[in-house]
Amino acid sequence: MTTDQDRIHEDVRARYAGAALAVAAGTPDASAAFVDEEAERGLFGGGLYEAADREALPEAALLASLGCGNPLAVAELREGERVLDLGSGGGIDVLLSARRVGPTGRAYGLDMTDEMLALALKNAEEAGASNVEFLKGRIEEIPLPASTIDVVISNCVINLAADKPAVLREIARVLRPGGRMGVSDVVARDDLSPAERAERGSYAGCIAGALSFAEYEAGLRAVGMTGVSLEATHEVADGMYAAIVRATKPLDWVAPAVGGTTRAPEADAPPMGRALPVASTSCCG
Ligand SMILES: C[S@@+](CC[C@H](N)C(=O)[O-])C[C@H]1O[C@@H](n2cnc3c(N)ncnc32)[C@H](O)[C@@H]1O
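Residues numbered from 1 in each chain as written. Predicted model: local features only at pLDDT ≥ 70, side-chain atom pairs only at ≥ 80, totals over all residues. Heavy atoms only, no water.

### Quick word on empty space enclosed by the protein
- Here the structure, examined in full by the defined rule, presents 2 cavities of 30 Å³ or more.
- A volume near 400 Å³ is recorded for the largest cavity.
- Lining the largest cavity are 30 residues, with Gly87, Ser88, Gly89, Asp111 and Val157 positioned closest to its centre.
- Residue assignment for the lining of the largest cavity shows that the elements contributing at least two residues are helix H1 (4–24), helix H5 (92–101) and strand S2 (106–111).
- Element by element, the count of residues in the lining of the largest cavity is highest for H1, at 3 residues.
- Here the lining of the largest cavity is composed, by residue class, of 14 nonpolar, 11 polar and 5 charged. (1 Å grid on protein atoms, 1.4 Å probe; cavity = no way out; pocket = protein on both sides within 12 Å on 5 of 7 lines; lining within 4 Å. Points joined across faces, edges and corners; volume = space filled by probe spheres on them. Helix = DSSP H or I, 4+ residues; strand = E, 2+ residues; numbered from the N terminus. Nonpolar A, V, L, I, M, F, W, Y, C, P; charged D, E, K, R; others polar.)

So this is what it looks like as structure tokens:
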């Protein structure tokens, strides 16, 4: 039986498979396969990164950039940290993270779209990045063990998830106590109903599925995250904003109750080495 969640995943997957194939085929601007209107270009993509970061990347990684912000500008990554990028697309934030955490750190990218994963692997090879690993899977069920990640980043993806409470729960689960998230995402003004959000743009186009500011904050608090803050950076549609979302997993974090039971922190996840790697390379440029 196909559920609404399956349908959302399939629409989103098809949209981003198309964008990845367009970049792989040499289409000059991946956003042409992504944004609905000419006017939306410039609000998404590689132009949101510092010139020095753009120059360090393979061209295809920049062309495949479809984010609405720059999570690295807020994540303050340090040498040796383990970073996870949810919905890593063509790999832009994984590659930039890998440079910041250096050879003693590791950057993981998780994406459900084969075509994006293939593009990301090619970009990682071209960049000579070796401390990176790309995993296939859904951000609602992260294929990594509990408490193993220092920083979760993401760029314009959580709004696309079919089950947002599951994503927020998974972020809290995989972060180590004291770990943090620094995410860019589209967020709706609190007074906009789901129908009003959908009038402003499609689900796969990163608009209709956006949480409101209050919903995001409540969702993160519900999974036990603290220090939650949301900061709008620019408007991407009427009443819809690209925003930076920050939160921390407290040292005394308790797994939230799911369906009346409290989930053990290490429940249901394979050990690190048995995650579902698409491929990895091993050392960094
Ligand atoms: C808007 S693009 C952003 C890509 C990348 N973060 C960037 O900044 O260029 C969305 C990406 O998230 C992936 N994605 C969307 N929903 C997902 C889900 N539920 N689980 C895993 N990946 C997902 C898509 O395949 C696509 O590569």
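### A short note on the site of the ligand
- Residues in contact with the ligand amount to 24 residues; listed here are only the nearest, Leu66, Gly87, Asp111, Thr113 and Ile139.
- Contact distances for the ligand include 2.8 Å between an oxygen atom and a backbone N or O atom of leucine 66.
- Between glycine 87 and the ligand, the recorded distance is 2.7 Å, taken from a backbone N or O atom to a nitrogen atom.
- Taking 600 Å² as the accessible area of the ligand by itself, protein coverage stands at 100%.
- When atom positions are compared with the pocket grids, the ligand is found to occupy the largest cavity.
- The leading source of residues in the shell around the ligand is H1, at 3 residues.
- When its residues are assigned to classes, the shell around the ligand shows 11 nonpolar, 9 polar and 4 charged. (Near = heavy atom within 4 Å. Polar contact = N/O pair within 3.5 Å; in protein donor to acceptor, adjacent residues only side chain to side chain. Areas by Shrake-Rupley, 256 points an atom, 1.4 Å probe, with all protein chains shown as cover. Sits in = over half its atoms within 2 Å of the grid points.)

### A word on unusual backbone geometry
- Despite not being glycine, serine 147 has its phi angle at roughly 60 degrees, a positive value.
- Turning to its location among the elements, serine 147 is positioned in the loop between strand S3 (132–136) and strand S4 (149–155).
- The exposure class assigned to serine 147 is partly exposed, which follows from its relative accessible area of 33%.
- Of note in the backbone geometry, cysteine 206 takes a positive phi value of approximately 75 degrees without being a glycine.
- Exposure remark for cysteine 206: the relative accessible area of 1% places this residue in the buried category. (Buried < 20%, exposed > 50% of the residue type's maximum accessible area, 1.4 Å probe, protein only.)

Everything listed here is a matter of coordinates, which is why it stays silent on function.
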